[in-house]
Amino acid sequence: MNQEPQNKMINRRGFGLKEAIKPLLNESYHSSLIERIKASDYVLEAGDLQICLAREFGFCYGVDRAVDLAYETRKQFPDRNIYLTSEIIHNPRVNTKLRELGIQFLDSGKTGQTPGSSLDAVTREDVVLIPAFGTPTPELELLKSKGCILVDTTCGSVVAVWRRVEQYGRDGFTSVIHGKFNHEETRATSSRATQYAGGAFLVVRDRAQAGRVCQFILGRLDQESFLAEFQSTASYGFDPRKHLERVGCANQTTMLASESFEIAEMIKAALKERYGEEELSKRFRHFDTICSATQDRQDAILNLARSGVNLVVIVGGYNSSNTGHLCEISSEFCPAYHVRDADEILSRDAIRHKPPSGSSTVVTRGWLPQGKVRIGITAGASTPNRVIEEVICKVVTSRGYKLADV
Ligand code: SF4
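Being a predicted model, the structure only gives us computed values, none of them experimental.

Student: What should I look at first to understand the state of the cysteines in this one?
Tutor: Inspection of every chain in the model, using the stated rule, returns 0 disulfides. Here Cys 249 is not cross-linked by a disulfide; its sulfur's nearest cysteine counterpart is in Cys 214, at 8.8 Å. Of the residues examined, Cys 249 reaches a relative accessible area of 4% and is grouped as buried.

And the structure:
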């Protein structure tokens, strides 16, 4: 009789090697300068520069855990192939360090790829790390069937969103997810919405798209136009006449909190207008699924940007959703420069950065004004303190100061 390969284990807790990996993590990611600035009320004075750190920035609890688990896994299995289904988090420094440890990236879900094909190389002797964003259910099932060891670093806040959309599906509500369709987390979340028969999802990117969903609900947009825009970001066989009758709103954990809230309110108002107040509780649900780390970082940069800084530098990967939103928030109050790392500070005069809502980097000259300047600094939830330190050092030295003197 053929025996189904059994999944040996899914590890979510690590291997008890925290102390053993600490020196390596400290060497790669820790920053004594950042600790010093935090101890000085989050301010560093350097000549006519005042560097002000946001009160919440950098590594969140989910990223901390994912990185720890990856390092523990390498320590536990020094001789095995270790794979990651995609980037563990969206930070180039962290992903490069993991590659240096011999961890291989499968890059599943790349556009144009046959689903699951990137997992062909995995055997039952291998170890596969699931990133902090999670992974879609078909891929997870495939990995389980291979019988390899799975180390699941999915953040608890992402799993909490999955529980919501699964419940929507069970109760016959369509999940309208505010997120980026191709983002790993949103792919994983939307796959949970269709776990149960009749479950459906629709991913909306922003207010403008949510507005067109509302137009359809209100009978002001025809089905053909609706599907032309949304077919590729909705579940298979999505029928807007049927699937927009009962809606549960959710969001990718790292979206702009205010926009997610507004989108839910827009859809609620459209359903109320279409079906009447008395029907609303049967047709609309919403749970705020922005994670607390994202919210804290957005609140902190809002406070800092409003406090009268001359400019803000936001540090983080260019494909990091939460970092991009920190830039968007800051840019409403002052010039905001999203940089991947210190290499982007080209000189005292020039900075390469990704503008808010831009898709590629640009070089701006004259970014650092003469005279006294207050610079706000923040970083996305996937940015190590060491990278933030390097950016601060580059800013200070580009102005002609030595960090040892400050
Ligand atoms: S940003 Fe939020 S959801 Fe994402 S890993 Fe961090 S804590 Fe978890």
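Student: Just checking my understanding: could you explain the pairing of strand E9 (residues 201-204) for this structure?
Tutor: Every regular strand shows the same layout, with side chains that alternate between the two sheet faces. Side chains Phe 201 and Val 203 project from E9 onto one buried face, and the interleaved Leu 202 and Val 204 project onto a second face that is buried too. Examined bridge by bridge, strand E8 (residues 174-178) and E9 share 4 bridges and lie parallel to one another. Considered in E9, the bridge of Ser 175 is made with Phe 201. Handedness of the E8-helix H7 (residues 184-193)-E9 crossover: right-handed.

Student: It is not clear to me how the side chain of Asn 11 should be interpreted in this structure. Could you clarify?
Tutor: Relative to the helices and strands, Asn 11 is located in strand E1 (residues 9-11). Looking at Asn 11, the relative accessible area reads 9%, which means it is buried. Looking at Asn 11, its side chain comes within polar contact range of the main-chain nitrogen of Gly 14, at 2.7 Å. Leave out the neighbours within four places in its chain, and Asn 11 touches Leu 150, Val 151 and Asp 152.

Student: Quick question: what am I supposed to make of the packing of helix H5 (residues 137-146) against H7 here?
Tutor: Two numbers describe a pair of packed helices, the interaxial angle and the distance between the axes. Orientation of H5 relative to H7, taken along the N-to-C sense of each, is 90 degrees, at an axis distance of 8 Å. Classified by the angle their axes make, H5 and H7 are roughly perpendicular. Along the contact surface, H5 presents Thr 137, Pro 138, Glu 139 and Leu 140, while H7 presents Arg 187, Ser 191 and Arg 192.

Student: I would appreciate a short explanation of H5 in the present structure.
Tutor: Every α-helix carries 3.6 residues per turn, so stepping three or four residues along brings you back to the same face. Taken as a whole, H5 has its buried residues at Thr 137, Glu 139, Leu 140 and Leu 143. Projected down its long axis, H5 carries its buried residues within an arc of 160 degrees, all on one side. Looking at the buried side of H5, the elements it contacts are strand E6 (127-130), strand E7 (149-152) and H7. Looking one or two residues beyond H5, the residue adopting positive phi is Gly 147, at roughly 80 degrees.

Student: Would you mind going over the sheet that holds E8 with me for this structure?
Tutor: Strand pairing in a sheet relies on backbone hydrogen bonds. The paired strands run either parallel or antiparallel. If you walk across this open sheet you meet the 4 strands as E9-E8-E10-E11, and the pairing is parallel. Looking along the sheet, the strands with just one partner apiece sit at the ends: E9 and strand E11 (284-286). Each strand of the sheet is rotated relative to its neighbour by a mean of 20 degrees, with strand direction disregarded. Here E8 runs beside strand E10 (residues 247-251); their pairing, made up of 5 bridges, is parallel. When the bridges of E10 are listed, Val 176 appears paired with Cys 249. Running at roughly 170 degrees to E8, H7 makes contact with E8, E9 and E10 of the sheet. Of the strands in this sheet, E8, E9, E10 and E11 touch helix H11 (residues 257-275), which is tilted by about 170 degrees from E11.

Student: Please explain the domain arrangement of the protein as it appears in this structure.
Tutor: It is common to report an interface's size as the accessible area lost on association of the parts. Along its sequence, the protein is organised into domain 1 (28-60 + 293-405), domain 2 (61-154) and domain 3 (157-290). Taken together, the 15 residues of domain 2 in the interface contact 12 residues of domain 3. Here domain 2 meets domain 3 over a buried area of about 1,000 Å², counting both sides, of which 53% is carbon and sulfur. By the criterion of area lost to domain 3, the three top residues of domain 2 are Phe 133, Pro 136 and Thr 137, representing 45% of everything that side buries. At the junction of domain 2 and domain 3, the tally comes to 0 salt bridges. At the boundary of domain 2 with domain 3, the tally comes to 4 residue pairs in polar contact (both at pLDDT 80 or more). If you tally residues by element for the side of domain 2 that touches domain 3, the top one is H5, at 4 residues. The class makeup of the residues in the side of domain 2 that touches domain 3 is 6 nonpolar, 8 polar and 1 charged.

Student: Which parts of the structure should I look at to understand the environment of Ile 149?
Tutor: Within the secondary structure, Ile 149 is located in strand E7. Given a relative accessible area of 6%, Ile 149 falls into the buried group. Sequence-wise, Ile 149 and Met 9 are 140 residues apart; in three dimensions their C-alpha atoms are separated by 5.6 Å.

Thresholds applied
- Residues numbered from 1 in each chain as written.
- Predicted model: local features only at pLDDT ≥ 70, side-chain atom pairs only at ≥ 80, totals over all residues.
- Heavy atoms only, no water.
- Disulfide = S-S within 2.5 Å.
- Buried < 20%, exposed > 50% of the residue type's maximum accessible area, 1.4 Å probe, protein only.
- Helix = DSSP H or I, 4+ residues; strand = E, 2+ residues; numbered from the N terminus.
- Pairing = 2+ DSSP bridges.
- Right-handed = clockwise from strand over helix to strand, strands pointing away.
- Polar contact = N/O pair within 3.5 Å; in protein donor to acceptor, adjacent residues only side chain to side chain.
- Contact = heavy atoms within 4.5 Å.
- Axes fitted to C-alpha atoms, helices over the stretch in contact; angles between N-to-C directions.
- Parallel < 35°, antiparallel > 145°, perpendicular 65-115°, else oblique.
- Arc of directions from axis to C-beta.
- Domains from an automatic or database assignment.
- Buried area = accessible area lost by both parts, 1.4 Å probe.
- Salt bridge = Lys/Arg side-chain N within 4 Å of Asp/Glu carboxyl O.
- Nonpolar A, V, L, I, M, F, W, Y, C, P; charged D, E, K, R; others polar.

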